[in-house]
Amino acid sequence: MLGIKEIGVYIPAGREDNYTKKEKYGIDDAFLHDKIGVSRHAVRDAGDDTTDMGLKAYQHLASKIDIDRSKVEVLVFVTQNPDVRMPHAGTILHEKIGLPYTCASFDIPLGCSGFMYGLSVITGFMKENGMTRGLLIAADPYTKCVNPEDKNTSLLFGDAATATYITDDPVLVPGKYVFGNNSEKWRDIKLVDGWLYMNGSAVVKFVAKFVPENVRQTLEKNGIKKDEIDRWVMHQASRFMHKVLCEYTDIDPSKMPWDCRDYGNTVSSSIPIILEKELHDKSRKTFFICGFGIGLSWGSTVLRRV
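Residues numbered from 1 in each chain as written. Predicted model: local features only at pLDDT ≥ 70, side-chain atom pairs only at ≥ 80, totals over all residues. Heavy atoms only, no water.

**Q** Tell me about the pairing of strand β11 (residues 195-198), residues and numbers included.
**A** Residues Leu 196 and Met 198 line the buried face of β11, whereas the alternating positions Trp 195 and Tyr 197 sit on a face that is not buried. Relative to β11, strand β10 (residues 189-192) runs antiparallel, the two being bridged by four bridges. Each bridged residue has a counterpart across the sheet, and for Lys 190 the counterpart in β11 is Tyr 197. Counted between consecutive antiparallel strands, the loop separating β10 from β11 contains two residues, among which Asp 193 sits at a positive phi close to 55 degrees. (Buried < 20%, exposed > 50% of the residue type's maximum accessible area, 1.4 Å probe, protein only. Helix = DSSP H or I, 4+ residues; strand = E, 2+ residues; numbered from the N terminus. Pairing = 2+ DSSP bridges.)

Right, here's the structure in full:
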């Protein structure tokens, strides 16, 4: 039985205040609070690259639980914004952490659904190869590709990294997954001349159309009813998107935390940031986790407490 043992989180101390940009973009407090839902977004430290952020998330993880690095067997790095194009970011972080030669490493270049794919891939990889200790690192500093003049993206995204320790002595165990990809709409989130372009209204329509059905299928596949889920940890896309999800899935908003008001949409780190805060709250027995975004891709599963 493989699952999540512990999670480390790194959110840079640096912040950009969205309220200082109201005049520039012609927006008001209500727009920031109700539509974007982000007051300030985190900005990586000067000189920090993607793997530096991943290292800091690992260091936080290692401060919480004893990790014998010599026994870590695989490192999976989820990022679309690596330090360099080649080699893969996982091998650079492998050196920075000081992992053994016997530890495999590879990347998964996915965004907001990346934690879901990464969790499925690493546990499947470990099970197939008889492994018991693995690291799932997520770091996607969008400050590398967000145009500060673009209202659609510069108010929303924040930098962060997470490190999830996967072992055969877990706290939370994932169930069965449901994944999907609406590839006909991949152009709605993409890089254009090195900058992130996002068609916000199209992404909202995508989420409203595909995620509720994904939720239904995932619950059915895992043999669990909606009212048996203690916490709905959905990707922190935007406050408006969060409200759309609550409405279209008929989920109690008090069970679906909105957590990123002070640091922003952290892409593949948004789900583990919330899980880290609730991992050891034993009153939370079941978590529904769901990521969706660039691709346009999505994925969900149910986590159960051991």
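Read on for the rest.
**Q** Would you mind going over the state of the cysteines in detail, with residue names and values included?
**A** As enumerated under the stated definition, the model contains zero disulfides in all. As a non-bridged cysteine, Cys 260 has Cys 112 as the owner of its nearest cysteine sulfur, 11 Å distant. (Disulfide = S-S within 2.5 Å.)

**Q** Pulling in residues and values, what's your account of helix α5 (residues 114-128)?
**A** In this model α5 runs 21 Å from its N-terminal to its C-terminal C-alpha over 15 residues, within 8% of the 21 Å that 1.5 Å per residue would give. Of all the positions in α5, only Gly 114, Phe 115, Met 116, Tyr 117, Gly 118, Leu 119, Ile 122, Thr 123 and Met 126 are classed as buried. Once α5 finishes, Gly 130 follows within two positions and takes phi at roughly 65 degrees, a positive value. (Expected span 1.5 Å × (residues − 1).)

**Q** Tell me what's going on with the pairing of strand β1 (residues 3-10), and back it up with residues and numbers.
**A** The buried fraction of β1 is high, at seven of eight residues. Examined bridge by bridge, β1 and strand β7 (residues 161-167) share seven bridges and lie antiparallel to one another. Within β7, the position partnered with Ile 7 by the bridge is Thr 164.

**Q** How would you explain the confidence of the model for the chain if you had to name every residue and give the values?
**A** Averaged over all residues, the pLDDT of the chain is 97; the fraction at 70 or higher stands at 100%. When the elements of the chain are averaged for pLDDT, helix α1 (residues 22-25) gives the smallest value, 93, and β7 the largest, 99. (pLDDT = per-residue confidence, 0-100.)

**Q** Tell me about unusual backbone geometry, residues and numbers included.
**A** Pro 87 follows Met 86 through a cis peptide bond whose omega is 0 degrees. Note that Pro 87 resides in the loop between β4 (74-78) and α4 (89-97). The peptide bond linking Gly 295 to Leu 296 adopts the cis configuration, its omega dihedral lying at -10 degrees. With respect to the helices and strands, the residue Leu 296 is situated in the loop between β13 (286-293) and β14 (297-305). With a phi angle near 55 degrees, Asp 193 is a residue other than glycine that sits in the positive phi range. On the basis of relative accessible area, Asp 193 is assigned to the exposed category, the value being 76%. Unusually for a residue other than glycine, Asp 250 sits at a positive phi of about 55 degrees. Inspection of the secondary structure assignment puts Asp 250 in the loop between α8 (239-249) and α9 (270-278). Assessed through its relative accessible area of 62%, Asp 250 is described here as exposed.

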